[in-house]
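# Coordinates in review
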Amino acid sequence: MKFHITTFGCQMNVHDSEWLARALEARGWEPAGEDEAQVYILNTCSVRDKPEQKVYSELGRVAAHLRRDPAVFAAVGGCVAQQVGRGFFDRFPHVRLVFGSDGIAGAPGALERIAQGRDDRVALLDFVNIYEERERPNERTVAVPETRQAFVNIMQGCDNFCAYCIVPYTRGRQKSRHPDAVVEECRALAASGVREITLLGQNVNSFGLDKGGAGVSFADLLRRVAAIDGLDRLRFTTSHPKDIAPEVIAAFGELPNLCPSLHLPLQSGSDAVLKAMRRRYDRTRYLSIVDALKAARPDIALTTDLIVGFPGETEADFRDTLEMVERVGYESSFSFKYSDRPGVAAVNMEPKVAPEEAGERLARLQSLQNSITRKCLKKLEGVRTDAFIEGLSRMQDDGPTWWKGRDPAGRIVNVPLAEGDGLMGMMIPVSIVEAKKHSLVGEKAGSPW
Ligand code: 5AD
Ligand code: SF4
């Protein structure tokens with residue numbers, strides 16, 4: 001069977017889609033372009049915007065392929081699938097499988113049964129209480145990613161119920177994966193040549209606080225993974241500030257392969273808004289975490305998520321956010337206009353901020369961020385670092401080949417190199433020669449030895 005996966009949303013979804021692709025390939029299925037596929041899988045996200053509309057229009061496009069091959073069918077997974085559920089079956093006859101994020105482990109088997117005519121329609125929408133281990137495609141049939149980077153899930157779901165957020169409703173309760181399974185997967189990846197691992201979870205700092213973590217804290221897990229031979233770079237995302245333990249902060253100063261970057265969503269810089277958002281930290285606590293991180297690892301690059309126009313946010317609240325952004329000096333941030341999500345607490349909070357007002361605040365915030373980003377990058381000119389090469393740069397000219405790499409903090413570094421191929425997954429020593437708007441330009445540095 002030929003399949004095509006379209007993914008919306010966060011890194012967890014991207015990783016889920018990659019896993020699903022490997023699991024299908026292990027069954028002899030083949031990834032294919034849109035025009036050739038027989039099975040279309042949409043992995044959806046409902047965190048912001050109008051996600052259902054996007055999914056419906058994609059499904060409309062897929063329906064057009066039925067003319068080419070009447071056996072074509074579609075599957076919808078992820079957050080929108082969890083919300084709309086069997087509703088997809090009524091609206092779109094060619095949708096034969098819906099699966100939520102807790103149902104993904106069963107998706108490859110269900111797709112196979114449907115393709116073989118053993119099942120007509122399947123809904124995998126039940127929430128589970130424990131992390132369900134997913135099959136690991138046979139290492140010999142699946143090549144190591146050329147980039148030698150990998151994501152490893154450490155948990156699913158979230159228990160925080162921030163007032164604006166739909167995730168606890170679509171991805172269910174927090175379920176930590178057994179730490180031994182995490183370490184074992186990381187070890188196997190490193191043994192097969194992977195040099196960079198990102199540990200993934202909705203709120204990794206509360207890893208182990210549910211029974212699935214077998215009493216192992218996130219700080220302990222980090223230490224165990226960092227100790228794996230051959231692992232040059234370790235990252236994790238996402239962190240909730242309220243749960244970050246002093247041991248995790250200290251780890252940034254202690255574990256040489258733990259990368260000096262942290263995504264630490266602030267959401268708002270106003271104590272009143274943070275309270276209404278149910279974030280359970282305030283400015284003072286957040287700043288004390290930032291100070292401790294900078295003390296542990298002075299070169300740490302902090303990034304964040306921000307929401308403007310949360311119900312009740314005043315101009316003064318918004319200015320508090322600007323002030324915090326300036327004070328922390330984030331290298332970059334993702335900022336969003338608040339939007340109502342079905343069923344979340346903030347839907348009933350008043351007064352709503354007018355969309356034009358929210359739009360104007362967003363523009364002000366983004367322009368402040370751009371100027372801070374520029375300053376942060378500018379400071380790096382002349383610095384000696386390593387670029388871990390991910391592939392070719394988008395920009396090429398008549399001279400040597402431009403390669404795209406990342407420095408330890410995850411910044412993009414474009415480097416011109418004599419080699420036209422074969423550099424993916426290599427670590428190249430570079431000097432930063434120029435800061436662009438959102439990336440750096442490097443030059444190969446001589447070996448220090
Ligand atoms: N409106 C706007 N932004 C939201 N986010 C989550 N829910 C909403 C919402 N209802 C943002 C938060 C979160 C990021 C993944 O998406 O900033 O950290
Ligand atoms: Fe959503 Fe808050 Fe959980 Fe993050 S911590 S997924 S923002 S509820």
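One can find the structure itself at the top, above this paragraph.
Everything numeric in this text was worked out from a predicted model, so none of it was measured.

Here we come to the pattern of salt bridges. Under the defined criterion, the tally for this structure stands at 33 salt bridges. The residue Glu 390 makes a salt bridge to Arg 406 at a minimum N-O spacing of 2.7 Å. With Glu 390 in strand S15 (residues 384-392) and Arg 406 in strand S16 (residues 401-406), this residue pair connects regions lying 16 residues apart in the sequence. The exposure class of Arg 406 is partly exposed, given its relative accessible area of 23%. Note that Glu 434 is salt-bridged to Lys 436, the shortest N-O span being 3.5 Å. Through salt bridges with shared partners, one network takes in Glu 315, Arg 319, Glu 360 and Arg 364.

The next point concerns the environment of Lys 211. Checked against the element boundaries, Lys 211 lands in the loop between strand S10 (196-200) and helix H8 (218-226). Each C-alpha atom, one on Lys 211 and one on Ser 176, is 7.5 Å from the other, the two residues being 35 residues apart in sequence.

A word on the site of ligand 2. The environment of ligand 2 is made up of Cys 158, Asn 160, Phe 161, Cys 162, Tyr 164, Cys 165, Val 167, Pro 168, Gln 202, His 240 and Arg 279. When the residues that make up the shell around ligand 2 are grouped by side-chain class, the tally is 7 nonpolar, 3 polar and 1 charged.

On to H8. Spacing of three or four residues puts side chains on the same side of an α-helix, whose turn is 3.6 residues. Of the positions making up H8, those classed as buried are Phe 218, Ala 219, Leu 221, Leu 222, Val 225 and Ala 226. Looking straight down H8, one finds that the buried residues subtend no more than 160° of arc, so they occupy a single side. Buried positions along H8 lie against helix H7 (179-191), S10, strand S11 (233-237) and helix H9 (246-254).

When two helices pack together, you describe them by how their axes are tilted relative to each other and by the distance separating the axes. Where helix H11 (residues 283-296) meets helix H12 (residues 315-328), the axes come as close as 11 Å, and the angle between the chain directions of the two elements is 10°. Of the possible angle classes, the one that applies to H11 and H12 is roughly parallel. Note on packing geometry: the crossing formed by H11 with H12 is right-handed. Across the interface between the two elements, Arg 283, Tyr 286, Leu 287, Val 290 and Lys 294 of H11 pack against Asp 320, Glu 323, Met 324, Arg 327 and Val 328 of H12. The residue inventory of the contact of H11 with H12, partitioned by class, reads 5 nonpolar, no polar and 5 charged.

With that out of the way, let us pick up the site of ligand 1. If you check the shell around ligand 1, you find Val 47, Arg 48, Tyr 164, Gln 267, Asp 305, Ile 307, Phe 336, Lys 337, Tyr 338, Ser 339 and Arg 341 and nothing else. Between ligand 1 and Asp 305 there is a distance of 2.6 Å, counted from an oxygen atom to a side-chain nitrogen or oxygen. The fraction of the free accessible surface of ligand 1 (400 Å²) that becomes covered by protein chains is 87%. Contributing elements (two or more residues each) for the shell around ligand 1: strand S13 (301-308) and strand S14 (332-337).

Our focus in this paragraph is the environment of Ala 81. With respect to the helices and strands, Ala 81 occurs in helix H3 (residues 79-84). Here the alpha-carbon distance between Ala 81 and Leu 97, two residues 16 residues apart in the chain, equals 9.4 Å. Beyond its immediate stretch of four places on either side in the chain, Ala 81 contacts Thr 44, Val 76, Phe 88, Phe 99 and Leu 125.

This brings us to the nonpolar core. Ranked by size, the top nonpolar core spans 57 residues in total, and within it Leu 199, Phe 218, Leu 222, Val 225 and Phe 236 carry the most contacts. The element that contributes the greatest number of residues to this core is H8, accounting for 6 residues. Among the domains, domain 2 (144-259) and domain 3 (283-379) are the pair contributing at least three residues each to this core. Contact partners of Phe 218, with chain neighbours within four places excluded, come to Ile 154, Leu 199, Val 204, Asn 205, Phe 207, Phe 236 and Val 248. Of all hydrophobic cores here, the second largest spans 20 residues; its members include Ile 5, Leu 24, Trp 29 and Ile 41.

At a minimum axis separation of 9 Å, helix H1 (residues 11-26) and helix H5 (residues 107-115) run at an interaxial angle of 50°. With respect to each other, H1 and H5 are oriented oblique. Read as a crossing pair, H1 and H5 show a hand that is right-handed. Residues Trp 19, Leu 20, Ala 23 and Leu 24 of H1 lie in contact with H5, whose contacting residues are Ala 107, Pro 108 and Leu 111. Looking at the contact of H1 with H5, its residues break down into 7 nonpolar, no polar and no charged.

Taking 1.5 Å of rise per residue, the 14 residues of H11 would be expected to cover 20 Å, and the 20 Å separating its terminal C-alpha atoms lies within 8% of that figure. The complete set of buried residues in H11 reads Arg 283, Tyr 286, Leu 287, Ile 289, Val 290 and Leu 293. Along the axis of H11, the buried residues cluster in a sector spanning 155°; they form a single face. In H11, the exposed positions that point more than 90 degrees away from the buried face belong to Thr 284, Asp 291 and Ala 295. Of the surrounding secondary structure, the elements contacted by the buried residues of H11 are H9, strand S12 (261-263), helix H10 (271-277), S13 and H12.

On to unusual backbone geometry. The peptide bond linking Thr 237 to Thr 238 adopts the cis configuration, its omega dihedral lying at 5°. Its place among the elements puts Thr 238 in the loop between S11 and H9. With an omega dihedral of -10°, the bond running from Glu 350 to Pro 351 counts as a cis peptide bond. By the element assignment, Pro 351 lies in the loop between S14 and helix H13 (355-378). Even without being a glycine, Arg 278 presents a positive backbone phi close to 65°.

About the thresholds
- Residues numbered from 1 in each chain as written.
- Chains lettered and ligands numbered in written order.
- Predicted model: local features only at pLDDT ≥ 70, side-chain atom pairs only at ≥ 80, totals over all residues.
- Heavy atoms only, no water.
- Salt bridge = Lys/Arg side-chain N within 4 Å of Asp/Glu carboxyl O.
- Helix = DSSP H or I, 4+ residues; strand = E, 2+ residues; numbered from the N terminus.
- Buried < 20%, exposed > 50% of the residue type's maximum accessible area, 1.4 Å probe, protein only.
- Near = heavy atom within 4 Å.
- Nonpolar A, V, L, I, M, F, W, Y, C, P; charged D, E, K, R; others polar.
- Arc of directions from axis to C-beta.
- Contact = heavy atoms within 4.5 Å.
- Axes fitted to C-alpha atoms, helices over the stretch in contact; angles between N-to-C directions.
- Parallel < 35°, antiparallel > 145°, perpendicular 65-115°, else oblique.
- Left-handed = near helix turned anticlockwise from the far one by under 90°.
- Polar contact = N/O pair within 3.5 Å; in protein donor to acceptor, adjacent residues only side chain to side chain.
- Areas by Shrake-Rupley, 256 points an atom, 1.4 Å probe, with all protein chains shown as cover.
- Core = buried A, V, L, I, M, F, W, Y, C linked by side-chain atoms within 4.5 Å.
- Domains from an automatic or database assignment.
- Expected span 1.5 Å × (residues − 1).

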